[in-house]
Amino acid sequence: MHAVAYSCRFALGVFLWGVFSVCGSTHAGFWITAYYPGYRQSYLAASNIDFTVVTHVIHFSVMPNPDGTLDPALNAIIPARTADLVARAHAAGRAALICVGGAGSQPGFQAATSSLNRPVFISNILGFMSAYGYDGVDIDWEPLPASDFNQFTNFVKALRSALNESSSKLLTVAAPAYPVPGDPPAAEFAMFAALQGQLDQINIMTYDLSGAYQGWVTWFNAPIYDGGYRFPSNGRLVPSVNGAVSNFVSNGVASAKLGLGIPFYGKAWTNGAGTSTSGTLLPRQSWIGAPTVTALTYSQIMSNQYQASRYHWDAAAQAAYLSVTSSVPANDDFLSFDDEYSCRAKVSFARNHFLGGLMIWELGQGYFAGAPNGQRDPLLQTIKQALATPQLLSVAPTNQDIQFTFTTLPLAGYRVLWTSNLEPPAWKTFSNNVPGNGAPLQMLDSGARTAAPQRFYRVQTPP
């Protein structure tokens, strides 16, 4: 529960008001875990990371070799930069983890975690962590089909045991949002439910939820909801953040173990000339011939593609997109991405579902190197501001009433409480399930100035 409380006090006929905070930290146990690739460090120096926002930074990544050794070179994990990152994270009181794996790492993991190679593989991971002072390790086994679950489970348990002997370092995983096609529907979620006691964070990769696959339609990269829309080809619901999180929780994974993934990138769908009479311009479109789907960073989208006239918000899916028209209609673009509004909405979603935190892939994609300080990482700063919401904007007496205003987030629900005594507090509900839409919310407590000599208010989210 993230709670912020605001107080108004009346005494001796004089209106007095102030603010008190129930929780001492903006995060209040809610993690913001952000990936930071070694190959981004020449673009985004560790000195430019805002460690007041992130609680954990995951250095991406060293790759597993089949013999159990580690390859730091592929993703440019360089000793000097590594030392700088870890030192800066620790100076800010934050945890730095090393990621092992990434896209295409499955063959290396399969061989490195065999019964023959697993001990040396784990020893090499612990040795790498110790050499650079990392606080833990993140495992990103991709893809992770059901045929690998037994080996993955044995590896995680053995690694957890070894980490516990090494000052209880952190162990996190990047978890697929949905099973590999063809796998049993619930097998992945049941596996993570059984393993959750071994893991500090299970960060769901709730992105890349669409592609130009057979039987598909244009769909969003990371929508919060499916909006009830089903594939025309098979009647199944389209993927969504809510669908993925629900699968984990309904199969026994504690919500507090889960992190909601937020992509700092988007996907552009382009229909090549001659594949249709009009291009892929909107979500939920079918096509003649598969479109080309290209990943673009948030900074690329905003610098090269964004125009206000192109921007749309899909209320059913809770997702942003651009419709980019071309002089050749077949070359129209549908561009799905996470923007500042969707980041605020996802903070609300994570809170409303009592999740453990958020995971960001990745810091460099949302960074504008040439922008003035304070405007270089707008998505990260949006998340920071969202975490501080609700905030009191004003409290004022109006005749015999009290009028107060506080900030809100889209998709948020708030509970407003009051008490006339803080020693001990006996909170009463003033209003429950108050909806937020991202705009300031004004409330009026009628007759409050005459009802009690003093009045204290508390705003909570989720209700």
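Residues numbered from 1 in each chain as written. Predicted model: local features only at pLDDT ≥ 70, side-chain atom pairs only at ≥ 80, totals over all residues. Heavy atoms only, no water.

**Things to note about the pairing of strand β9 (residues 201-205)**
Counting buried positions along β9 gives 5 out of 5 residues, so the element sits mostly inside the fold. By the alternation rule, side chains of β9 split into Q201, N203 and M205 and I202 and I204, which are all buried. Read from strand β8 (residues 170-176) through helix α5 (residues 187-195) to β9, the crossover connection turns out right-handed. Of the strand pairs in this sheet, β9 and strand β10 (residues 258-263) are connected by 3 bridges, and their pairing is parallel. Each bridged residue has a counterpart across the sheet, and for I202 the counterpart in β10 is L258. (Buried < 20%, exposed > 50% of the residue type's maximum accessible area, 1.4 Å probe, protein only. Helix = DSSP H or I, 4+ residues; strand = E, 2+ residues; numbered from the N terminus. Right-handed = clockwise from strand over helix to strand, strands pointing away. Pairing = 2+ DSSP bridges.)

**Concerning the sheet that holds strand β12 (residues 292-297)**
Judged by pairing direction, the sheet is antiparallel, and its 5 strands sit side by side in the order β12-β11-β15-β14-β13 without closing on themselves. Looking at strand neighbours, the two that pair on one side only are β12 and β13 (311-314), the edges of this open sheet. Taking each pair of neighbouring strands and ignoring which way they run, the sheet shows an average axis angle of 25 degrees. Strand direction decides the pairing type here: strand β11 (residues 265-270) and β12, joined by 6 bridges, are antiparallel. Within β12, the residue paired with K267 across the bridge is A295. In the packing of helix α7 (residues 298-305) onto the sheet, contacts are made with β11, β12, β14 (319-324) and β15 (333-337), and the angle to β12 comes to roughly 100 degrees. (Axes fitted to C-alpha atoms, helices over the stretch in contact; angles between N-to-C directions. Contact = heavy atoms within 4.5 Å.)

**A few points about the confidence of the model for the chain**
Mean pLDDT over the chain stands at 90; residues scoring 70 or higher make up 92%. Considering only residues more than four positions removed or in separate chains, one finds that residues 1-26, a stretch of pLDDT under 50, has 79 contacts. (pLDDT = per-residue confidence, 0-100.)

**With respect to α7**
Within α7, burial applies to Y298, S299 and I301. Buried positions in α7, seen along its axis, are confined to an arc of 165 degrees and lie on one side of it. Residues S303 and N304 are exposed on α7 and point more than 90 degrees away from its buried face. (Arc of directions from axis to C-beta.)

**Concerning empty space enclosed by the protein**
Using the criterion set out here, one finds 2 cavities of 30 Å³ or more in the structure. Considering only enclosed or pocket space, the largest cavity measures out at about 60 Å³ in volume. Counted by class, the lining of the largest cavity contains 6 nonpolar, 2 polar and 2 charged residues. In this structure, the second largest cavity occupies an estimated 40 Å³ of space. Taken together, F220, A222, P223, Q318, A319, A320, S336, F337, D338 and S342 make up the lining of the second largest cavity. Those elements that place two or more of their residues in the lining of the second largest cavity are β14 and β15. Split into classes, the residues belonging to the lining of the second largest cavity amount to 6 nonpolar, 3 polar and 1 charged. (1 Å grid on protein atoms, 1.4 Å probe; cavity = no way out; pocket = protein on both sides within 12 Å on 5 of 7 lines; lining within 4 Å. Points joined across faces, edges and corners; volume = space filled by probe spheres on them. Nonpolar A, V, L, I, M, F, W, Y, C, P; charged D, E, K, R; others polar.)

**Here's the deal with the side chain of T407**
Position of T407 among the secondary structure elements: in the loop between β18 (401-406) and β19 (410-419). A polar contact is formed between the side chain of T407 and the backbone nitrogen of Q391, at a distance of 2.8 Å. Ignoring sequence-local partners within four residues, the contact set of T407 consists of T389, P390, Q391, L393, Y414 and P440. (Polar contact = N/O pair within 3.5 Å; in protein donor to acceptor, adjacent residues only side chain to side chain.)

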